[in-house]
Amino acid sequence: TSSADVKENRNVSNLEARPLPASDRARGGAPSVKRKRPLEEGNGSHLCKLQLVWKKLSWSVTPKNALVQLHDLRPGLQYRMVSQTGPVHAPVFAVAVEVNGLTFEGTGPTKKKAKMRAAELALRSFVQFPNACQAHLAMGSGAGPSTDFTSDQADFPDTLFKEPRPGPTAPGERNPVVVLNELRSGLRYVCLAEPAEKQHAKSFVMAVSVDGRTFEGSGRSKKLAKGQAAQAALQALFNIRLPGHIPSRSKSHLLPQEFADSVSQLVTQKFHELTVGLASVHARHKALAGIVMTTGLDVRQAQVIVLSSGTKCISGEHINDQGLVVNDCHAEIVARRALVHFLYAQLELHLSKRREDSEHSIFEQSKDGGYRLRDNVLFHLYVSTSPCGDARLHSPYEITADLNSSKHIVRKLRGHLRTKIESGEGTVPVRGPSTVQTWDGVLLGEQLITMSCTDKIARWNVLGLQGALLCHFIEPVYLHSIIVGSLHHTGHLSRIMSHRTEDIGQLPTSYRHNRPLLSGVSHAEARQPGKSPHFSVNWVMGNADVEIIDGTTGKRSCGGSSRLCKHVFSARWARLYGKLSTRIPSHGDTPSMYCEAKRGACTYQSVKQQLFKAFQKAGLGTWVRKPPEQDQFLLTL
């Protein structure tokens, strides 16, 4: 036994075994043993003798730890303290050792663990053993013919340096949290989300920071969520996928980074081109959005079809019962309305008497007599910052300096429906199940409530982007991807955009629970300092002019109505209805009012109710609607 062995294994249970004098062995008397409390004479001394023998036997069979193994191979190595970081209550020590001209540095919550880690890393460099069996034995594990010590793989699993687990355990049964702890000890898991008290579909979200990267997982318990987070880290950092553990779904819902960066650049460049001739104040923006159309994922044919900016909503005093204002001028909402404008233009193009115009339209006739997008026509939404609401509220944690900071607060309202603050910025959770807005109440000074952009995008992922009116003619249109410029976290964004409505149930034909691909950008656009401008800019392909809307009044700067207001859309819809009412399935009499035309899209309305009930069932709150009077204006047929 080496001296290091003796030093490592001294002083167990406050007992130190000393060799028995020959006279004592002859007499069979009690051994001379140093102890804190003298042993009583009698059977107790024999019991203690047996315990000592057992201890000595157990020492002889205990596998050597990494420090002892390294000492056996390279005696006299010097370990040096490199640094101590972290807070006083949770320090991180770094210890280094030099072996064969190479320096190996280990970290840990104590100096001893950091030293052990450095020894483990040094042992990995010993690939020059005569045979694999000897290498396994030297590293404290059984012979493993499947391990190739001449491999170019940089990291051998740390399990080689651990003691064998008791009992027969198949590799597939290993817990990812345990495996990750063997590879990177001292990790701390943080709960990012807990289900609300009344939430039926419970889901916890846990995160762990490993080697400077944050990994998260979700599950019906914290234990399952930790397992998912650990599995995500194992897969990304060590390419380890444990059998029986479902790989993270978020990876399959990510957009290729190069494509996402190209979409971002296209939108920002187009905005700069269009605003060159405008006053400098109108070229500023706090939030920019754009929708890019592609054929498949071929970025060479990508076209920016709509652009918008803005962060304001209409004031209650300017609400209009003739559909002459735009209620919500947040960039992504205006972009969606601009897309509706584009869809009307494309449908009108398809119905043109000129054949070449019809062939250039993105629509084709469907089997039921209506219209659908041509194959491979895809829409990608770019937003320069996370949409307001839950996506923005809970996304910055990934880019904080320290995930383990005690300042991190677990909020029980994660995923809750939220509403925008009138004439201000930010959002608040919906107040209660009985929140009803009335026309006279708003005109008398009650705040006008508008749902957050996060929640509206989640709604688009079920109902589509086209709205109720166009559903009379076309199948739902969905986003293929969402690209966020800053303050993004794709895992949380995915849950908020799609996973909150997983329990919505079966949807009618042509509707689906859309899960857009998600991505950030490699180089986010710098956020512009100063207060948010009160106006919103919009542009639609096919229109030369850039329109500027005052966000607080919902009208153009000159006082006229926007091309994106309900009244203009209703007039375009009425013209199309006159042409197409005989070709498409009809639901009842010809509508005379805007609200009747919306109600006439029966399937759309039933899916909308299904969505609202899914939010309520999940304990996420009740969708707040605008006063119905705003839709009770006559159509121009």
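To be clear, the structure that these remarks concern was listed above.
Predicted model, so just to flag it, every value in this text is computed and none were measured. Position numbers for residues count from 1 along each chain, tracking the sequence in the order it is written. In keeping with the predicted nature of the model, local features appear solely for residues at pLDDT of at least 70, side-chain atom pairs appear and are counted solely at 80 or more, and the whole-chain, interface and lining totals rest on all residues. Side-chain figures throughout are based on the complete set of non-hydrogen atoms in the structure, without hydrogens or water.

K.L.:
Tell me what's going on with the nonpolar core, and back it up with residues and numbers.
P.N.:
The definition of a nonpolar core used throughout is a set of buried Ala, Val, Leu, Ile, Met, Phe, Trp, Tyr and Cys residues joined through side-chain atoms within 4.5 Å. Categorising residues by exposure relies on relative accessible area from a 1.4 Å probe, with only protein chains included: less than 20% of the type maximum marks a residue as buried, more than 50% marks it as exposed, and the intermediate range marks it as partly exposed. In this structure, Phe342, Leu343, Phe379, Phe473, Ile474 and Trp573 are the most contacted members of the largest nonpolar core, which totals 59 residues. When residues in this core are grouped by element, the largest group, eleven residues, is from helix 11 (residues 331-350). A contact between two residues is defined here by any heavy atoms of the two lying within 4.5 Å. The contact partners of leucine 343, leaving out residues within four places of it in the chain, are Ile362, Phe363, Gln466, Leu470, Ile474 and Val477. Ile449, Leu463, Ala601 and Val607 belong to the second-largest nonpolar core, a separate cluster that totals 24 residues. By definition, any uninterrupted DSSP run of H or I lasting at least four residues is a helix, any uninterrupted run of E lasting at least two residues is a strand, and each is numbered from the N terminus.

K.L.:
Which residues make up the sheet that holds strand 3 (residues 102-108), and what are the values?
P.N.:
At least two DSSP bridges between two strands are required for those strands to pair. As summarised here, the arrangement of the three strands in space is 1-2-3, forming an open sheet in which the pairing is antiparallel. Only two strands of the sheet have a single neighbouring strand rather than two, namely strand 1 (79-85) and strand 3. Each strand axis lies, on average, 25° off the axis of its neighbour in the sheet, ignoring direction. The convention used is that axes are lines fitted to C-alpha atoms, helices contributing only their stretch in contact, and that angles between N-to-C directions extend from 0 to 180 degrees. Running over the sheet, helix 5 (residues 111-124) touches strand 1, strand 2 (92-99) and strand 3 and is turned about 140° from strand 3.

K.L.:
Residues and numbers for unusual backbone geometry, please.
P.N.:
Residue asparagine 376 is not a glycine yet carries a positive backbone phi of 70°. With respect to the helices, strands and loops of the structure, asparagine 376 is situated in the loop between strand 12 (371-373) and strand 13 (377-383). With a phi close to 80°, serine 510 is a non-glycine residue in the positive phi region. With respect to the secondary-structure elements, serine 510 resides in the loop between helix 17 (490-497) and strand 18 (517-519).

K.L.:
Which residues make up helix 18 (residues 566-580), and what values do they have?
P.N.:
For a helix, the expected span equals 1.5 Å multiplied by the number of residues minus one. Counted at 1.5 Å a residue, the expected span for helix 18 with its 15 residues is 21 Å, and the 20 Å between its end C-alpha atoms agrees. If you check which residues of helix 18 are buried, you get Lys566, Phe569, Ser570, Arg572, Trp573, Ala574, Leu576, Tyr577 and Leu580.

K.L.:
Break down the pairing of strand 6 (residues 213-219) for me, with residues and values.
P.N.:
Counted residue by residue, strand 6 has five buried out of seven residues, so it is predominantly covered. Note that strand 5 (residues 204-210) and strand 6 share seven bridges and pair antiparallel. When the sheet's bridge partners are listed, valine 205 is paired in strand 6 with serine 218. Two successive antiparallel strands, strand 5 and strand 6, enclose a turn made up of two residues, where aspartate 211 displays a positive phi of approximately 50°.

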